[in-house]
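Chain by chain, the residues:
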Amino acid sequence: MHCLTCLHLQDEKNRDCGTELSVKVLLVLRSVEGLTMESNILEWRKKLYTRSTHLANVLILADTDNSVTDINVENMILEREDCDLLAQWLEYNRWRTDFNRLQVSSWSNLASLSLKNCVLSHGECEIVLNAIAKTETLKILDVSGNCLGGYADEDDYFVPTLRTGKALAKVIEANKNLTWLSAKYCHLGMRTMRSISSALKKNCTLTYLNVGSNTWWWDENTDELLSDQTFDSSGIESLAATLCTFNQTLVYLELLSTGLYPLLVNGKGNGMGLTKEQGEGYTLSFRDHRLGRIDIIFIVECIKKNSMCKVVSFSGCVVEKQAAESLANMIEKNQIIESLDLTRVRTRHKDAMILAHAALRSPGLKIFADIPMEKIRNNIIQSLMLNGVGIGPHGCIVLTQLLCAEQTSLTHLYLAKNEIGTFGAKAFEIAFSRNTTLEFIDLRGNMIEDAALENIARGLLNNPGIINLKTFDLQDNVIGGFGVSKSVNGLFSLADALVVHAQRHEEHDGLQCQLFVGGNALKHHLALSLRETHVESRLEVFVDVNNT
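Note that this is a predicted model, so its numbers are computed, not measured.

Undergrad: Honestly, the packing of aromatic side chains in this entry has me stumped. Any pointers?
TA: The description of two aromatic rings rests on the distance between their centres and on the angle between their planes. Applying the stated rule across the entire model yields seven aromatic pairs. Considering the side-chain rings of Tyr-208 and Tyr-252, the 4.8 Å spacing of their centres and the 5° angle between planes classify their relative orientation as stacked. Taken as a pair, Tyr-208 in strand E10 (residues 208-210) and Tyr-252 in strand E11 (residues 252-254) lie far apart in primary sequence, 44 residues in all. The class for Tyr-208 is buried, based on a relative accessible area of 19%. You can call Tyr-252 buried: its relative accessible area is 18%. An aromatic cluster is present here, built from Trp-180, Tyr-208 and Tyr-252 joined pairwise through their rings.

Undergrad: Is there a simple way to explain the packing of helix H8 (residues 234-245) against helix H9 (residues 293-304) in this structure?
TA: Describing two packed helices takes the angle between their axes plus the distance from one axis to the other. Between H8 and H9, whose axes approach to 9 Å, the crossing angle comes to 35°. You can see that H8 and H9 cross each other, and the crossing is right-handed. The segment H8 lies against H9, with Ile-236, Glu-237, Leu-239, Ala-240, Leu-243 and Cys-244 engaging Ile-294, Ile-297, Phe-298, Glu-301 and Cys-302. A class-by-class count of the residues in the contact of H8 with H9 yields nine nonpolar, no polar and two charged.

Undergrad: Mind showing me how you'd approach the packing of helix H7 (residues 190-200) against H8 here?
TA: Contact geometry for H7 and H8: axes closest at 8 Å, N-to-C directions at 10°. As judged from the angle between their axes, H7 and H8 are roughly parallel. For H7 against H8, the interelement crossing comes out left-handed. Facing H7, whose interface residues are Met-190, Met-193, Arg-194, Ser-197 and Leu-200, H8 presents Ser-234, Gly-235, Ile-236, Ser-238, Leu-239, Thr-242 and Leu-243. Across the contact of H7 with H8, the residue classes break down as six nonpolar, five polar and one charged.

Undergrad: Where do I start with the pairing of strand E14 (residues 282-285) in this structure?
TA: Looking down a regular strand, the side chains alternate between one sheet face and the other. Summarising the sheet, E14 and strand E15 (residues 309-313) pair through four bridges and their orientation is parallel. Note that in E15 the partner of Ser-285 across the bridge is Ser-313. A crossover links E14 with its parallel partner E15, the connecting element being H9, and its sense is right-handed.

Undergrad: Even after reading the chapter, I still don't get the pattern of salt bridges, so can you show me in this structure?
TA: Once the charged atoms of two side chains with opposite charge are near each other, the side chains can pair. This structure, assessed with the given rule, holds 13 salt bridges. Across the salt bridge formed by Asp-341 and Arg-287, the nearest N and O atoms sit 3.1 Å from each other. Linking Asp-341 in strand E16 (residues 339-341) with Arg-287 in the loop between E14 and H9, this pair joins segments that are 54 residues apart in sequence. You can call Asp-341 buried: its relative accessible area is 12%.

Undergrad: Sorry if this is basic, but what is going on with the environment of Glu-332 here?
TA: Note that Glu-332 resides in helix H10 (residues 321-333). Judged by relative accessible area, Glu-332 falls into the partly exposed class, the value being 32%. A polar side-chain atom of Glu-332 sits 3.0 Å from a polar atom in the side chain of Arg-361.

Cut-offs applied
Just so you know, the residues in each chain are numbered from 1, in the order the chain's sequence is written. Since the coordinates come from a predicted model, pLDDT governs what is reported: local features require at least 70, and pairs of side-chain atoms require 80 or more to be given and counted, while whole-chain, interface and lining totals use all residues. To get the side-chain values, take all heavy atoms of the structure and skip hydrogens and water. Aromatic contacts are taken between Phe, Tyr and Trp rings whose centres are within 6.5 Å, Trp giving its six-membered ring; a plane angle under 30 degrees counts as stacked, one over 60 as edge-to-face, and the others as tilted. The helix count covers DSSP runs of H or I at least four residues long, the strand count covers runs of E at least two residues long, and both are numbered beginning at the N terminus. Partly exposed describes any residue whose relative accessible area lies between the buried limit of under 20% and the exposed limit of over 50%, with all areas from a 1.4 Å probe on protein chains only and scaled to the type maximum. Helix axes are fitted only over the stretch in contact, all axes being lines through C-alpha atoms; the angle between N-to-C directions runs from 0 to 180 degrees. In this scheme the crossing of two helices becomes right-handed for a clockwise turn of the near helix relative to the far one and left-handed for an anticlockwise turn of less than a right angle. Between two residues, a contact is recorded if the distance between any of their heavy atoms is within 4.5 Å. Ten residue types, Ala, Val, Leu, Ile, Met, Phe, Trp, Tyr, Cys and Pro, are classed as nonpolar, four, Asp, Glu, Lys and Arg, as charged, and the remainder, Gly among them, as polar. Note that the term roughly parallel is reserved for angles under 35 degrees, roughly antiparallel for angles over 145, roughly perpendicular for angles of 65 to 115, and oblique for everything else. In this scheme, strands are said to pair when DSSP sees at least two bridges between them. A right-handed crossover is one whose linking path, passing over the helix from the first strand to the second, runs clockwise when the strands point away from the viewer. One side-chain nitrogen of Lys or Arg within 4 Å of one carboxyl oxygen of Asp or Glu is enough to make a salt bridge. Here a polar contact is recorded for every N or O atom pair within 3.5 Å, except that within protein the pair must consist of a potential hydrogen donor and a potential acceptor, and residues adjacent in sequence are included only if both atoms are side-chain atoms.

In structure tokens, the structure reads:
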């Protein structure tokens, strides 16, 4: 008897091979003992053997050989009748021993089924999924690229559907051997995710779940796009709670475009998400990953239930609104995490404020965005070298708040190329209005505009207690607006404030101040005016005067 273990027909270019394949089918049919096409054969089997499509040919071959374990019809365009045949083949011929008084041998060896990119509608997907849920040995299922969660109507509006998502959840719950499931690009939504989460409570076999690149931001009750204000993350939170409480087998999960490894609860299990460090806790790093709000919310929810994770890194990621709020809520209450790396992250100014204030209120956080908070609070360091780290505006807000302490030992700040921006630089107003120890500050290459210098100048003028400040380096920023601005009032205000500061404390070792503003594309006459205005004062100004 002909033996076949794997069937692959992955491309429509093979459409011309129908004749040759039919001949092979006839040969196989003749070699199978007891197989007839008598009038009492099941109606669906008649359809199967009379339909000349790629899927029908694959099913005929599989139907005549019980050694087939893998059916792969990736990238084929399947019609509704094809899906009906597949569903009936899975549900009746393959798994039931008695149907319409006709004895059918029970073959239960199918281990893999791939319908990837077959562009099935939600209705067709529902038919197939309902049949798959009754299988006994299926281990691998790929339905990526099909319309499980909804479809676009004739006006290109997204029309959500929940029944297919529930059918997918039913597969996870009912199939006791499924270990690998992929449903990428299927337009799934949050309510489907909640159904999947409930199903995972009863699943003890799944190790790989890929539901990445789905339309989590669509409202499943309407066809509208969810805004930042109405974004629903309940499905992700439910999934995290389920994985950390009930499911102990899933070791790989993809939600958007990044593979995640679910965190272990109290260090138990075999997941790959945590790296143990000398028996003192675990490190979780997603440095430079393309994490979205869905990924970060999921990770944060998992961390909340983990009592071993001490170091977390989201360096280089984008932190959007709900992700920032979830992250801030976690670090404000978590007493286990000691280091949170948010260097080089991109976020809104409002979210930067939320993250910074949460970090300052955190009961256990020692390091935030590479800023050694504990050492600064305990007056252990005098010089802080963070050039090129990328602390961002959130890190700058934290640092300036720490500088406001009644006692601090910091005298030198090296903060060049830290993506602080104008918003972050404005936070130095409060630092300069209260700090008494700073002597040197380097803010080169931080995309700071002239507007921030007004705030800094105001803080400096209101603080006669700062007596040692000598050097202020603002080179290579955008204070001059690339030569477009007609005036730089903030820069002149800062220069005047430094002069007042030097005059206040000229008896203090003959205090002289330096202001570096080269590389800011200042107009020629403004650069000359700034330097000449203070040529006789206790402030030395370094500018580019050769630019025209």
